[in-house]
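Each chain, letter by letter, is given below.
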Amino acid sequence: MAELPEYVDVAVPVGLRKTFAYAVPPAMRGRVAPGMRVLVPFGRKPLTGYVVGFPGRDAVAGFRLKAVEDLLDQTPAITPELVRTALWVAEYYFAPPGEVFRALFPAGSETSGGRMTSLTPKASTLLLGGLRPSGLRRQEDALLDVLAAEGPLPVPELVKKAGVRGGESWLEPLEAAGWIRLETYRDSPKVKAKERLGIRRLGVGAPGTGAASAAPDGPPDAVAKLPAAQMRLYAALASVAGAVPLQEILDAAGCARAAADALARKGLVEIAPLRVERFPADLDAVGRAGRDVTLTRYQRELIERVTAIIRRDGEGGGGQAARFLVHGVTGSGKTEVYLHLIAEALRLGGTAIFLVPEIGLTPLLSRQVVSRFPGLVALMHSGMSAGERFDQWTRIRDGESKVVVGTRSAVFAPLRDLRLVIIDEEQDGSYKQDETPCYHAREVAWRRLQEARRGGVLVTGSATPAVESYFQASRDGSCFHIPERVEARPMPEVRVVSMVEEFQRSGKNAVLSQPLQDELRSCMERGEQAIVLLNRRGFARTILCRSCGHVYLCPDCSISMTYHREAGRLVCHYCGKEAPSPSRCGECGGAYIHYAGAGTEQLEALLRELLPQARVARLDRDTTQRRGVLRSTLLAFSKREIDLLVGTQMLAKGHDFPAVTLVGVVSADAGLNFPDFRAAEKTFQLLTQVAGRAGRGASPGRVILQSWHPEHYALRFACSQDYAGFFRKEIEFRKLMGYPPYQNLTQILVSDPDESKALRGAGEIADALKQCFARMPERGRLRLLGPAAAPMEKLRGQYRVQILLKGVPGASPGALLEECFAALEKRRGSTRVHRVHIDVDPLSLL
């Protein structure tokens, strides 16, 4: 018989890049396994930890280990391959394992605790008698006095009320002397299963199961003698299978709670807690399941090629994971391809994940997926309530949902037998997390399928793939092209309007060019729909004084504040700081305040004035703060209850509105001004994607791009919808400058409220890295740039200094970073900065 493990490795979310070994109590041995949550003591309180493996005896020899306090799962909550994937994420992205594993579980589901302090009977008797223990210090007396006056208290509250510095260090001596008791307590999770009372007729199934039992209904004589109210309730229960919410059936039968209690006493019904599942509104889908779709030749070929691999793996052939990039023009029917592939994965008994970049894409897309696979779909995105996310995650873990539709974090959904991962609009930056752990969902999905070791397919798709994705797929032959729209619909006609010429013609700096105004009027007169995009919210992006030139900057960020007219406030879009809108200059007192640069709020006002009969709505972060607004607005637009939709980039990707025949883009070249090597790529992608919203129905589409730099290659290729031409131009620039995909990047961002400390801290890290370079055999494969001030030099009150590491593809900086920071921790006199943020493969260097 194999020896049961006596020790476990546990990832604890405390911000440290290591796991911790704990002893397994004899009663738990054989029951604990990787993928389970456990309650472990850490410092002076218990925390939720995540079991990741079993260390050998030699690894823990000589250490006195604390023991696991409790098992929070009876079986592993996540699969072994997901455990291995999470450990890879921690290693590759240089992230604390505990933070990675916490991201795999619903927010708020973790358990923690603390220590409760109370007086012992001996101390209570003494203090109530007006006496005081002898030999105590002033701090110890203060702690006892608070306990005598207040009663038992949690340690932090006791220390705060006693006003004792380092108060926790005084508690152990008091406990050792027998004056106080310290007891560990456990907090309930903030989010857990929701329950309400349910009722069932005995013999109809247990509460919450819906299963029928073999027990007969109540005795005929007992039923016949029931009073009228009880008879109505009993008869109402006969029409339902299993348990139902108690209050609902009472209301339906017109009975009071006393009738149910009386039936329970007679043994005719059972009243017990019933789990209530919180369903997101997006799961309420209707229709479209049975519609016939005629596939194009390109769609059929792609489906046949990918399903052959899914079948090979699903029918026992095994094999390695495979990946494909679907490069299809906008409106080419990629979503229909995805749905066919999901159906094949389900037919073979597998499961699938469908990732989308924006919450805004889930309402309409989820309706399609739910209609195609009713009862099998779960959603995962931040627009849901904490309770909804918990229940959806639980359905996935328990195997009730086979298809998961969601944003970035859904890549960690606890599905078993994962056969297919689809990533729509794979180029989108939202797939990369900005905060630790800074993972990219595309790379995590690929690693997860590889760790499953039973095949599986990753399908990424876009009309404008990331340069790195297209480069790799073209080299290994995994790129599949769909060059035409469904039903041979034409691509929209795109026109670039030079705002330089518009200014020369009209003599004023207009937000809307004359050609765009004319097209909008014609579109509305034809009864069609239009989208106008401006990727900047607010009313005006900058406020300045025309008397002295003063610009209103955020005091905590190196950026100007944006004017929001509806709120009458100046707002920083980076830190959220607000200030009242000025009527006079705060520097010189001048009254000539100028509002420069338009935002979506101003654009909406101009369009309402231009088109007074049109039904106009705006979608940006300001209008969608209230839950449900985004979903309801998109659904209203799809039902043609809105004529003109104004908004930011959330309108650009993935939406399918057949009645939209016109798209206008204001300030199409705004993104080119950012100091980012991806600026041209992001601009091309945004313009191509938003242009693709036009002409997806029976009527052809038109697109107007307004620009001050119409000659830029990003706009020229977007105008002709020529991705291949753009890629050839962009890849030359990347190769010349040594940017991805030719070299990988790692950003080390040092921040501190003190600028000099940030500079010193970054300098010390750079020096340590250079010393590590000298000792590592691959030192020639990495280059260090910096330290230098970040392009966004100050953000949220922190001065930011960055270091860049450049290395050839495949050269992970993990070992170098580990050695560097280990050396810095041992070095005396190192500068302690507020934060060091490490981003492997960053998408933005701002």
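Residues numbered from 1 in each chain as written. Predicted model: local features only at pLDDT ≥ 70, side-chain atom pairs only at ≥ 80, totals over all residues. Heavy atoms only, no water.

Asks: Explain the packing of helix H5 (residues 138-150) against helix H6 (residues 155-162) here, please?
Replies: When two helices pack together, their arrangement is given by the angle between their axes and by how far apart the axes lie. Interaxial distance between H5 and H6 falls to 9 Å at its minimum, and their mutual angle equals 110 degrees. By the criterion of interaxial angle, the relationship of H5 to H6 is roughly perpendicular. For H5 against H6, the interelement crossing comes out right-handed. Residues Ala142, Leu143, Val146, Leu147 and Glu150 of H5 form the contact with H6, whose own contacting residues are Leu158, Lys161 and Ala162. When its residues are assigned to classes, the contact of H5 with H6 shows six nonpolar, no polar and two charged. (Axes fitted to C-alpha atoms, helices over the stretch in contact; angles between N-to-C directions. Helix = DSSP H or I, 4+ residues; strand = E, 2+ residues; numbered from the N terminus. Parallel < 35°, antiparallel > 145°, perpendicular 65-115°, else oblique. Left-handed = near helix turned anticlockwise from the far one by under 90°. Contact = heavy atoms within 4.5 Å. Nonpolar A, V, L, I, M, F, W, Y, C, P; charged D, E, K, R; others polar.)

Asks: Please explain unusual backbone geometry as it appears in this structure.
Replies: It is generally the case that most residues other than glycine have a negative phi and that most peptide bonds are trans. Of the consecutive residues Thr436 and Pro437, the connecting peptide bond is found in the cis state with omega at 0 degrees. Even without being a glycine, Phe94 presents a positive backbone phi close to 50 degrees. Following the sequence through the fold, Phe94 ends up in the loop between helix H2 (80-92) and helix H3 (97-102). The backbone of Arg453 sits at a positive phi, close to 60 degrees, despite the residue not being glycine. In this fold, Arg453 is placed in the loop between helix H16 (441-452) and strand E17 (457-462). Arg453 gets classed as exposed once you look at its relative accessible area, which sits at 61%. (Buried < 20%, exposed > 50% of the residue type's maximum accessible area, 1.4 Å probe, protein only.)

Asks: How should the packing of aromatic side chains be read in this particular structure?
Replies: Each aromatic ring pair is described using two quantities: the centre-to-centre distance and the angle formed by the ring planes. Applying the stated criterion to the full structure yields 22 aromatic pairs. Both rings, one in Phe733 and one in Tyr739, keep their centres 6.1 Å apart while their planes meet at 45 degrees; by these two values the pair is tilted. On the accessibility criterion, Tyr739 (19% relative accessible area) is buried. In textbook terms, an aromatic cluster arises when at least three aromatic residues are bridged by ring pairs, as seen for Tyr470, Phe684, Tyr713, Tyr723, Phe726 and Phe727. The positively charged end of Arg297 is found above the aromatic ring belonging to Tyr298, 4.3 Å away from the centroid. Taking the ring centre of Phe717 as reference, the NZ or CZ of Arg716 above it sits at 5.5 Å. (Phe/Tyr/Trp six-rings, centres within 6.5 Å; stacked < 30°, edge-to-face > 60°. Lys NZ or Arg CZ within 6 Å of the ring centre and 35° of its normal.)

Asks: Explanation requested: the pattern of salt bridges in the structure shown.
Replies: A side chain of one charge can pair with a side chain of the opposite charge if their charged atoms are brought near each other. The final tally for this structure, using the stated rule, is 54 salt bridges. Glu519 is paired through a salt bridge with Arg702; the nearest N and O atoms lie 2.9 Å apart. Separated by 183 residues along the polypeptide, Glu519 in helix H19 (residues 514-525) and Arg702 in strand E29 (residues 702-707) bring together distant segments of the chain. The salt bridge involving Asp676 is made with Lys682; its shortest N-O contact spans 3.1 Å. (Salt bridge = Lys/Arg side-chain N within 4 Å of Asp/Glu carboxyl O.)

Asks: I tried to follow the environment of Leu611 on my own but got confused; where do I start?
Replies: Note that Leu611 resides in the loop between helix H20 (600-610) and strand E26 (616-619). Classification of Leu611 as buried rests on a relative accessible area of 7%. Residues Leu611 and Gly383, 228 residues apart in the sequence, show an inter-C-alpha distance of 32 Å. With sequence-adjacent residues up to four places away left out, Leu611 is seen in contact with Leu520, Arg521, Met524 and Leu644.

Asks: What exactly am I supposed to notice about the side chain of Ser560 here?
Replies: For Ser560, the position within the fold is in the loop between strand E21 (540-545) and strand E22 (562-564). Here the side chain of Ser560 touches Arg541 through a polar contact of 3.4 Å, landing on its backbone oxygen. A polar side-chain atom of Ser560 sits 3.5 Å from a polar atom in the side chain of Thr542. Beyond its immediate chain neighbours, meaning those up to four positions away, Ser560 contacts Arg541, Thr542, Val551, Tyr552 and Leu553. (Polar contact = N/O pair within 3.5 Å; in protein donor to acceptor, adjacent residues only side chain to side chain.)

Asks: Sorry, what's going on with the packing of helix H22 (residues 679-691) against helix H24 (residues 723-737) here?
Replies: For the pair H22 and H24, the least separation of the axes is 11 Å and the interaxial angle reads 170 degrees. On the basis of their axis angle, the class for H22 and H24 is roughly antiparallel. For the pair H22 and H24, contact is made by Ala680, Glu681 and Phe684 and by Tyr723, Phe726, Glu730 and Arg734, respectively. Here the contact of H22 with H24 is built from residues that sort into four nonpolar, no polar and three charged.

Asks: So what exactly am I meant to see when it comes to the sheet that holds strand E10 (residues 244-245) here?
Replies: Adjacent strands of a sheet pair through backbone hydrogen bonds, lying either parallel or antiparallel. One open sheet holds the three strands; their spatial order is E10-E9-E11, and the pairing between them is antiparallel. Each edge of the sheet is formed by a strand with only one pairing partner; in this case those strands are E10 and strand E11 (269-276). Across the sheet, helix H11 (residues 257-265) is in contact with strand E9 (194-201) and E11; its angle to E11 comes to roughly 120 degrees. (Pairing = 2+ DSSP bridges.)

Asks: Quick question: what am I supposed to make of a nonpolar patch on the surface here?
Replies: A cluster of nonpolar residues, Val500, Phe503 and Trp708, forms a patch on the protein surface that exposes about 250 Å² of accessible area. Turning to its location among the elements, Trp708 is positioned in the loop between E29 and helix H23 (713-719). (Patch = residues over 30% accessible without salt bridge, like charges linked within 9 Å, V, L, I, M, F, W, Y side chains within 5 Å. Areas by Shrake-Rupley, 256 points an atom, 1.4 Å probe, with all protein chains shown as cover.)

Asks: What should I look at first to understand the pairing of strand E16 (residues 418-424) in this one?
Replies: Strand residues, when the strand is regular, have side chains that alternate between the two faces of the sheet. Across the seven residues of E16, seven count as buried, placing the element largely inside the fold. Inspection of the sheet shows strand E13 (residues 351-355) paired to E16 by five bridges, in the parallel sense. Looking across to E16, one finds that Ile353 is bridged to Val421. With five bridges connecting them, E16 and E17 associate as parallel partners. When the sheet's bridge partners are listed, Val421 is paired in E17 with Leu458. At this point the chain moves from E16, through H16, to the parallel E17, and the crossover so formed is right-handed. (Right-handed = clockwise from strand over helix to strand, strands pointing away.)

Asks: How should the sheet that holds strand E27 (residues 644-647) be read in this particular structure?
Replies: Strand order in the open sheet made by the six strands is E19-E29-E28-E20-E27-E26, with parallel pairing throughout. Strands at the two margins of the open sheet, each flanked by one partner only, are strand E19 (493-498) and E26. Across the sheet, the mean angle separating the axes of adjacent strands is 15 degrees when strand polarity is ignored. Bridge count for strand E20 (residues 529-533) against strand E28 (residues 660-665) is five bridges, and the pairing is parallel. Bridge pairing links Ala530 to Leu662 in E28.

Asks: Whenever I open this one, the confidence of the model for the protein chain confuses me. Can you help?
Replies: Do not read the fine detail of predicted coordinates wherever pLDDT is low. Counting all residues, the mean pLDDT for the protein chain is 90, and 95% of those residues have values of 70 or more. In this model, residues 204-216 is a region of pLDDT below 50 whose contacts with residues beyond four sequence positions or in other chains number 26 contacts. (pLDDT = per-residue confidence, 0-100.)

Asks: Explain the pairing of strand E12 (residues 322-328) here, please?
Replies: Among the seven residues of E12, six are classified as buried, and the element is accordingly described as predominantly covered. By the bridge criterion, six bridges tie E12 to E17 in an arrangement that is parallel. Counted as the bridge partner of Arg323 is Leu458 from E17. As judged from the four bridges shared by E12 and strand E18 (residues 479-482), these two strands associate in the parallel manner.

Asks: Sorry, what's going on with helix H25 (residues 755-775) here?
Replies: Helical periodicity: at 3.6 residues per turn, an α-helix aligns residues three or four positions apart in one direction. Taking 1.5 Å per residue, 21 residues should reach 30 Å; H25 reaches 31 Å between its end C-alpha atoms and fits that length. Within H25, the full set of buried residues consists of Ala758, Gly761, Ala762, Gly763, Glu764, Ile765, Ala766, Ala768, Leu769, Cys772 and Phe773. Where H25 is buried, its residues touch strand E30 (744-752), strand E31 (782-795), strand E32 (798-807), helix H26 (814-826) and strand E33 (835-840). (Expected span 1.5 Å × (residues − 1).)

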